Amino acid sequence: RRELPVELNVQMGYDLQDRLTATVYRYDDVAAVLRDNVTFSSGAIRDLMAVVMGPYVMVGMDGTEHKRHRHLVSHAFRSKALAHWEDDLIGDVIDELIDTFADRGSAELVREFTFRFPVQVIAEVLGVPRTDYEKFHQWAVDIINVAAQPDTGIAAGNAMREYLVQFVEARRKDPADDLISDLVT
């Protein structure tokens, strides 16, 4: 951070066009970048992720558009809601993942725990049944890797979208205790 507080790179985007990117390492610089969405737009993220997730990718939004969409889901991430997920979800997911390797006495923690944990929590918060975690996890990995494997990422985005549309329709008729229900109600 002291010797190279900002690192500039040229990266090829999904559209095969070179883009100048910057990695910012110091807190004050990061805060300045995050506050200035005119100079430092999230548009490149939107351009890449829109291919697999549609045009309304919150991490690719700037300014008032980002705030408006963030407001739709922010209640799910307030302290009270997070405490609910911590009490009713996090421990169970951790225990289940550890149970898959505890008897062996060792594990490759990235592959067997930290790689799987966040996607399982997100799936549960959305209301995805546990029986579909593996499929949901594979789609998530393929979507994240869209720049490296465009066809696979696009197919995964389409499959996940089709899959989640079922939940949206079902939750409109019969809400449950999940984020999709909160959003549709």
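Residues numbered from 1 in each chain as written. Predicted model: local features only at pLDDT ≥ 70, side-chain atom pairs only at ≥ 80, totals over all residues. Heavy atoms only, no water.

A word on the pattern of salt bridges
For clarity, the cut-off: Any Lys or Arg side-chain nitrogen found within 4 Å of a carboxyl oxygen on Asp or Glu counts as a salt bridge. Under the DSSP-based scheme used, a helix requires at least four consecutive residues in state H or I and a strand at least two consecutive residues in state E, with every element numbered from the N terminus.
Tallied over the entire structure, the rule returns nine salt bridges. A salt bridge links Glu-112 to Arg-104; the shortest N-O distance between them is 2.6 Å. Across the pair Glu-134 and Arg-116 runs a salt bridge whose closest N-O atoms are separated by 2.1 Å. Of this pair, Glu-134 sits in helix α7 (residues 133-144) while Arg-116 sits in the loop between α5 (109-114) and α6 (117-126); the two residues are 18 residues apart in sequence, bridging distant segments of the chain.

Concerning the confidence of the model for the protein chain
Definition in use: The quantity called pLDDT is the predictor's confidence in a given residue, expressed from 0 to 100.
Of the residues in the protein chain, 97% reach a pLDDT of 70 or more, and the chain-wide mean stands at 87. The lowest-confidence element of the protein chain is helix α2 (residues 43-53), averaging 79 in pLDDT; the highest-confidence one is α5, averaging 93.

Description of the packing of helix α4 (residues 79-99) against α6
For clarity, the cut-off: Only the stretch in contact is used when a helix axis is fitted, and all axes are lines through C-alpha atoms; the angle between N-to-C directions ranges over 0 to 180 degrees. Note on angle classes: values under 35 degrees are labelled roughly parallel, values over 145 roughly antiparallel, values of 65 to 115 roughly perpendicular, and the remainder oblique. Put simply, a crossing is left-handed when the front helix is turned counterclockwise from the back one by less than a right angle, and right-handed when it is turned clockwise. Residue contacts are defined here by distance: any two heavy atoms, one from each residue, within 4.5 Å place the two residues in contact. Three classes are used, and their members are as follows: Ala, Val, Leu, Ile, Met, Phe, Trp, Tyr, Cys and Pro are nonpolar, Asp, Glu, Lys and Arg are charged, and the others, Gly among them, are polar.
Where α4 meets α6, the closest approach of the two axes is 10 Å, and the angle between their N-to-C directions is 140 degrees. Here α4 lies oblique to α6, going by the angle between them. Classified by chirality, the crossing of α6 by α4 is right-handed. Counted together, Trp-85, Leu-89, Ile-90, Val-93, Ile-94 and Leu-97 of α4 and Phe-117, Gln-120, Val-121, Glu-124 and Val-125 of α6 form the full contact between these two elements. Residues that form the contact of α4 with α6 fall into these classes: nine nonpolar, one polar and one charged.

Brief notes about the nonpolar core
Formally: The term nonpolar core refers to a set of buried residues drawn from Ala, Val, Leu, Ile, Met, Phe, Trp, Tyr and Cys, joined through side-chain atoms within 4.5 Å. Think of it in three bands: with a 1.4 Å probe and only protein chains considered, a residue is buried below 20% of the maximum accessible area for its type, exposed above 50%, and partly exposed in between.
Ranked by size, the top nonpolar core spans 29 residues in total, and within it Val-128, Phe-136 and Leu-164 carry the most contacts. For this core, the secondary-structure elements that each account for two or more residues are α2, α4, α6, α7, α8 (150-173) and α9 (179-184).

Description of a nonpolar patch on the surface
The criterion, for reference: Note that patches include only residues with greater than 30% relative accessible area and no salt bridge, and the join distances are 9 Å for like charges and 5 Å for nonpolar side chains (Val, Leu, Ile, Met, Phe, Trp, Tyr). To measure how exposed things are, a 1.4 Å probe is used in the Shrake-Rupley method; for residues, cover is taken only from the protein chains shown.
A cluster of nonpolar side chains, Val-6, Leu-8, Val-10 and Leu-20, forms an exposed patch at the surface whose accessible area comes to about 410 Å². A per-element tally of the nonpolar patch places strand β1 (residues 6-12) first, with three residues. Topologically, Leu-8 is positioned in strand β1. When its relative accessible area of 57% is taken as the criterion, Leu-8 is described as exposed.

Some thoughts on the environment of Arg-116
Taking the relative accessible area as the measure of exposure, Arg-116 reaches 21% and is therefore partly exposed. Along the backbone, Arg-116 and Tyr-133 are 17 residues apart, and their C-alpha atoms lie at a distance of 9.3 Å.

A short note on a negative patch on the surface
Put simply, the test is: Under the counting rule used here, the positive set is Lys and Arg, the negative set is Asp and Glu, and His together with the chain ends is not counted. For charged residues, the charge sits on one atom: NZ in Lys, CZ in Arg, CG in Asp, CD in Glu.
Together, Glu-86, Asp-87, Asp-88, Asp-92, Asp-95, Asp-99, Asp-103, Asp-177 and Asp-182 give the surface a local cluster of negative charge. Counting residues per element, the negative patch draws most heavily on α4, at six residues. Since its relative accessible area comes to 46%, Asp-88 is described here as partly exposed.

Describing the packing of α6 against α7
Think of two packed helices as two axes; the pair is described by the angle between the axes and how far apart they sit. The geometry of α6 relative to α7 is characterised by a closest axis approach of 10 Å and an angle of 115 degrees between their N-to-C directions. Comparing their axes, α7 and α6 come out roughly perpendicular. By crossing handedness, the relation of α6 to α7 is classed as right-handed. Residue-level contacts link Val-119, Gln-120, Ile-122, Ala-123, Glu-124 and Leu-126 of α6 to Tyr-133, Phe-136, His-137 and Ala-140 of α7.

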